[in-house]
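Analysis of the macromolecular model
If you want the building blocks of each chain, they are given just below.
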Amino acid sequence: MPVTIDITPDPPRPSARRTLWQLVAILAGAFVLQIAGAALALAVPLRMALDGQAAAMIGLAGSASSIGFLAGCLGAGFLVRPVGHIRAFAVLAALQAIVTLVFALSSDPWLWIALRLVNGVVNAAQFVIVESWVLDRTPETLRGRMMSIYVVCSRAGLILGQTLPLAFPGAGFELFLVASAFYSLALVPVALNRAPSPAPPPAIAVMSLRDLFSVAPVSIVACFYVGLVGSAAFNVLPLYGVGIGLGNVAISALAASLQLGSLLIQWPLGLVSDRS
């Protein structure tokens, strides 16, 4: 009885290098975006502290950004679905640049709180676009490593953005102008990207917090802890630095050191994730 042997070659294994080249543009956009976001996140509480604003107002500005970020995560899909990833990213980057420039036009703390709310919404939507793009274009067996590379790029941008006060030691409104310029610059690599962008989602699925917790309980707890501690540290750190007499250079270095520690652990964690 003849025996049939399947000699169909196995499909090629996904290449980390090839996947990385397909994501260079969006990773570059995320890198520049984080420079702008970090510069703005440091400039707002630092400028408010130097202007003698109450600690409660500085904390409220930070909370407004976090509330906006939550809203942006929930609503990003409604913008991406009708226009696609690239157009949505372009609209949001332009809006961020405009909002950041408004900071330099007034020192009214209530206006700044409102602007931070808008900034948080737009910032979250931008990163929903970036991260969904990375996940869509990455094979499942490489996702841990690719997400580690993405986070390393993001953290590097955060570190660079938080060192910008070194170039502007007076902590004046120049930081807002520079942050606005970087928000605009983030458009360039994404708009020039020749790789296909993800298809817009046919529908927007909603998962309840209970269902999400049943799937990834450790991730939920870890994210909540990081958000609780991290946002408080970043928002209060400039106020603390000004209160104990640190200069802008020292405050900038202190903020950057927090991100440096996070950056160093990303690649080992991603490697372990792909092997587990």
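On a predicted model such as this, the values are computed, not experimentally measured, just so you know.

With that out of the way, let us pick up the nonpolar core. Counting residues in hydrophobic clusters, the biggest one holds 49 residues, and the most contacted among them are F103 and Y150. Among the elements of the structure, α2 (24-50), α3 (55-83), α4 (85-103), α5 (109-136), α6 (143-162) and α7 (174-185) are those that each provide at least two residues to this core. At 13 residues, α2 tops the list of elements feeding residues into this core. Residue contacts for F103: discarding those within four places in its chain leaves L40, V44, W112, L115, R116, F173 and F176. Membership of the second largest hydrophobic core comes to 5 residues, among which are L42, L46, L237 and A255.

Quick look at the confidence of the model for the protein now. Of the residues in the protein, 85% reach a pLDDT of 70 or more, and the chain-wide mean stands at 80. Here residues 3-13 is a poorly scored stretch, pLDDT under 50, and it has 0 contacts once near neighbours within four places are set aside; other chains count.

Remark: α4 packs on α7, axes separated minimally by 8 Å, with the N-to-C direction vectors making an angle of 175°. For the element pair α4 / α7, the angle class is roughly antiparallel. For the pair α4 and α7, the contacting residues are A93, Q96, A97, T100, L101 and F103 in the first and F176, L177, A179, S180, Y183 and S184 in the second. Among the residues forming the contact of α4 with α7, the class breakdown is 8 nonpolar, 4 polar and no charged.

What counts and how
- Residues numbered from 1 in each chain as written.
- Predicted model: local features only at pLDDT ≥ 70, side-chain atom pairs only at ≥ 80, totals over all residues.
- Heavy atoms only, no water.
- Core = buried A, V, L, I, M, F, W, Y, C linked by side-chain atoms within 4.5 Å.
- Buried < 20%, exposed > 50% of the residue type's maximum accessible area, 1.4 Å probe, protein only.
- Helix = DSSP H or I, 4+ residues; strand = E, 2+ residues; numbered from the N terminus.
- Contact = heavy atoms within 4.5 Å.
- pLDDT = per-residue confidence, 0-100.
- Axes fitted to C-alpha atoms, helices over the stretch in contact; angles between N-to-C directions.
- Parallel < 35°, antiparallel > 145°, perpendicular 65-115°, else oblique.
- Nonpolar A, V, L, I, M, F, W, Y, C, P; charged D, E, K, R; others polar.

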